[in-house]
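The chain contents come next:
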Amino acid sequence: MKNNRILSLVVDALLLISIAVLYTWSIFAAQLESTLGFDHVQTSAVFTVSICSYCGGSLLAGVLSKYVRMSFVLLIAAIFLSGGFALSGLFGTLCSYMIGYGLLSGAGVGMVYNAVLCDCARRFPDKSGLSSGILLMSYSFGALLFSHVSAALIVRFELQSVFLRFAVFELIILLAGALFSHLIPVPCEAKFSGNNTEANSSKAGISPVAMIRMRSFYLIFFWLMIISASALTVIGSTTLMVQAAGFTPQVGTLLTGLVSFIGAFGRLGFGQMFDKHGHSATVRADGFLITCSAVFMLIALLCHLRIAFIIGLLLLGFSFGGMSSICAALVNHLYGLQYYAQNLSIVSLQMIPASLLGPMIASTIYDRTESYLFVFVVVLALSLLANVIGYKIDR
């Protein structure tokens, strides 16, 4: 049984690594804008659709988890994810990228993410923090890996061919994951064992309906939404922002990967802080860091200090990575394991307004001013608002 748990953790980590390509869109966007004539608003819209669809996919997986096994969820996700890449590669139009990469692939990624975290929580009820931290770190390393893989493939092949290659890759990986999940399912006694700590024993079975009636849900939801909007404003256009700061495209690719790399340590760091100091202090620390990141990037553009831009970018990656750990830990800690898949998917819906609020406003400002200075002003304003909400969260 112990060996099966470890093996399942490795498989779950590989699944998350494989779907992390969603967060390398800025590399594809730069290529689309430079060679195919897409403008910044159009490429940002594709990324926004993918984030919204990601939330929808996560919600769908949460609903399906009540009725079907994880293997079936992964099969549907394989069709969505690989089909989305294939559609993008076959046609190469804005509509195909919206429907393919944005709608279908985004939904597939959300389904896999929800299914894997739920599977991990059920297999490791005694080590939920450590196991989820390992998975989320793998997710970040996957984004770093695919940022380099995508850049290398774009140099060697046409962009549409790259999407088709990703379609085949995702199909193989997710089908293998579905087969493994079918052969080694979650033990029945572990499915709703919940968190056995005294602090959570009374909250082990809070349903989604009961959760959305609680004050804590709305404070957490809006805090996550604003932090996400601040981070996604930058992450959706990282490669272009780095080049605007005076770096070469090669350095831009490296820094794009480093954002994901440092985010992995943010996941572990804030997860450990959550266990030691509680959710209130962790939330406030995360909000403070993203405010600092906006200040550094503003200083970089105003004073032409490249090192300040790098520091700001890394702080943002660390903060955004920590937000993922805080979200997963809060849902498990406050609302229990029995409805974890459904509750996590509902809380994750904050990504929809976040992806609309941040990147679309930022792209509009850039197209009108041809400068990222006011974009970072927006990021700073959002982060300050998040800090106000964070201080209202009860200890």
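What counts, and where the lines are drawn
Residues numbered from 1 in each chain as written. Predicted model: local features only at pLDDT ≥ 70, side-chain atom pairs only at ≥ 80, totals over all residues. Heavy atoms only, no water. Helix = DSSP H or I, 4+ residues; strand = E, 2+ residues; numbered from the N terminus. Rg over C-alpha atoms; globule rule 2.2 N^0.38 Å. Buried < 20%, exposed > 50% of the residue type's maximum accessible area, 1.4 Å probe, protein only. Contact = heavy atoms within 4.5 Å. Lys, Arg positive; Asp, Glu negative; His and termini not counted. Charge placed at Lys NZ, Arg CZ, Asp CG, Glu CD. Phe/Tyr/Trp six-rings, centres within 6.5 Å; stacked < 30°, edge-to-face > 60°. Lys NZ or Arg CZ within 6 Å of the ring centre and 35° of its normal. Salt bridge = Lys/Arg side-chain N within 4 Å of Asp/Glu carboxyl O. Axes fitted to C-alpha atoms, helices over the stretch in contact; angles between N-to-C directions. Parallel < 35°, antiparallel > 145°, perpendicular 65-115°, else oblique. Left-handed = near helix turned anticlockwise from the far one by under 90°. Nonpolar A, V, L, I, M, F, W, Y, C, P; charged D, E, K, R; others polar. Core = buried A, V, L, I, M, F, W, Y, C linked by side-chain atoms within 4.5 Å. Polar contact = N/O pair within 3.5 Å; in protein donor to acceptor, adjacent residues only side chain to side chain. Disulfide = S-S within 2.5 Å.

A. Quick peek at the overall build of the protein chain. Secondary structure assignment for the protein chain yields 16 helices and zero strands. For 395 residues, the compact-globule formula gives about 21 Å, and the C-alpha radius of gyration of the protein chain, at 20 Å, lands near that figure. Each principal axis of the C-alpha distribution contributes one length, and for the protein chain these read about 55 × 45 × 35 Å. Within the protein chain, the fraction of its 395 residues that count as buried is 56%. For the protein chain, restricting intrachain contacts to residue pairs at least 6 apart in sequence, the fraction spanning at least 24 positions comes to 83%. For the protein chain, the separation between the mean place of its 20 positive charges and that of its 14 negative charges on side chains is 8 Å.

B. Seen up close, the packing of aromatic side chains. Within this structure, the stated rule accounts for 24 aromatic pairs. Taken together, the ring pairs connect Trp25, Phe28, Phe38, Phe85, Tyr97, Tyr101, Phe146, Phe163, Phe166 and Phe169 into an aromatic cluster. Over the face of the ring belonging to Phe157 we find Arg165, whose NZ or CZ atom lies 3.7 Å from the ring centre. The side chain of Arg306 reaches across the aromatic face of Phe247, ending 5.4 Å from its centre.

C. Expanded view of the pattern of salt bridges. Under the counting rule described, the total for this entry stands at one salt bridge. Note that Arg123 and Asp119 form a salt bridge whose closest N and O atoms lie 3.0 Å from each other. Placement of the pair is Arg123 and Asp119 together in helix H5 (residues 94-123), with a separation of four residues, close to one helical turn.

D. Structural view of the packing of H5 against helix H7 (residues 159-183). It is the contact of H5 with H7, at a shortest axis distance of 13 Å, that shows an interaxial angle of 25 degrees. Taken as axis vectors, H5 and H7 run roughly parallel relative to one another. For the pair H5 and H7, the sense of crossing is left-handed. In contact with Tyr97, Tyr101 and Val112 of H5, H7 contributes Leu159, Gln160, Phe163 and Leu174. Its residues assigned to classes, the contact of H5 with H7 comprises six nonpolar, one polar and no charged.

E. A look at the nonpolar core. Among the nonpolar cores identified, the biggest contains 121 residues, and Trp25, Phe28, Tyr139, Trp223 and Phe309 are the most heavily contacted of them. Per-element accounting of this core gives the leading share, 14 residues, to helix H9 (residues 215-235). When sequence neighbours within four positions are dropped, the list of residues in contact with Tyr139 reads Leu16, Ile19, Ala20, Tyr23, Tyr54, Val109, Tyr113 and Arg267.

F. Quick look at unusual backbone geometry. One non-glycine residue, His304, lies in positive phi territory at about 55 degrees. Note that His304 resides in the loop between helix H11 (249-303) and helix H12 (306-335). Looking at His304, the relative accessible area reads 69%, which means it is exposed.

G. Region of interest: the environment of Leu356. As for its placement among the helices and strands, Leu356 is situated in helix H14 (residues 351-357). Given a relative accessible area of 45%, Leu356 falls into the partly exposed group. Each C-alpha atom of the pair Leu356 and Gly336 lies 30 Å from the other, and the pair is 20 residues apart in sequence. With sequence-adjacent residues up to four places away left out, Leu356 is seen in contact with Thr48, Cys52 and Ile361.

H. Just the side chain of Ser50, in detail. Within the secondary structure layout, Ser50 lies in helix H3 (residues 40-64). Take Ser50: its relative accessible area is 0%, and that puts it in the buried class. One polar contact links the side chain of Ser50 to the main-chain carbonyl oxygen of Phe47, over a distance of 2.6 Å.

I. Spatial organisation of the state of the cysteines. A full pass over the atoms with the stated rule returns zero disulfides. Unpaired in terms of disulfides, Cys95 finds its nearest cysteine sulfur in Cys52, a separation of 17 Å. The thiol sulfur of Cys303 is not disulfide-bonded, and the nearest other cysteine sulfur, from Cys292, lies at 16 Å. Its relative accessible area of 47% is what places Cys303 among the partly exposed residues.

J. Geometry of the side chain of Asn343. Structurally, Asn343 is set in helix H13 (residues 340-347). Asn343 gets classed as buried once you look at its relative accessible area, which sits at 0%. At a separation of 3.1 Å, a polar atom in the side chain of Asn343 contacts the main-chain carbonyl oxygen of Ile206. Apart from residues lying up to four places away in sequence, Asn343 is in contact with Ile206, Ser207, Pro208, Met211, Val331 and Tyr335.

K. Focus on the environment of Ala244. Following the sequence through the fold, Ala244 ends up in helix H10 (residues 238-244). C-alpha separation for the pair Ala244 and Ser181, spaced 63 residues apart in sequence, amounts to 45 Å.

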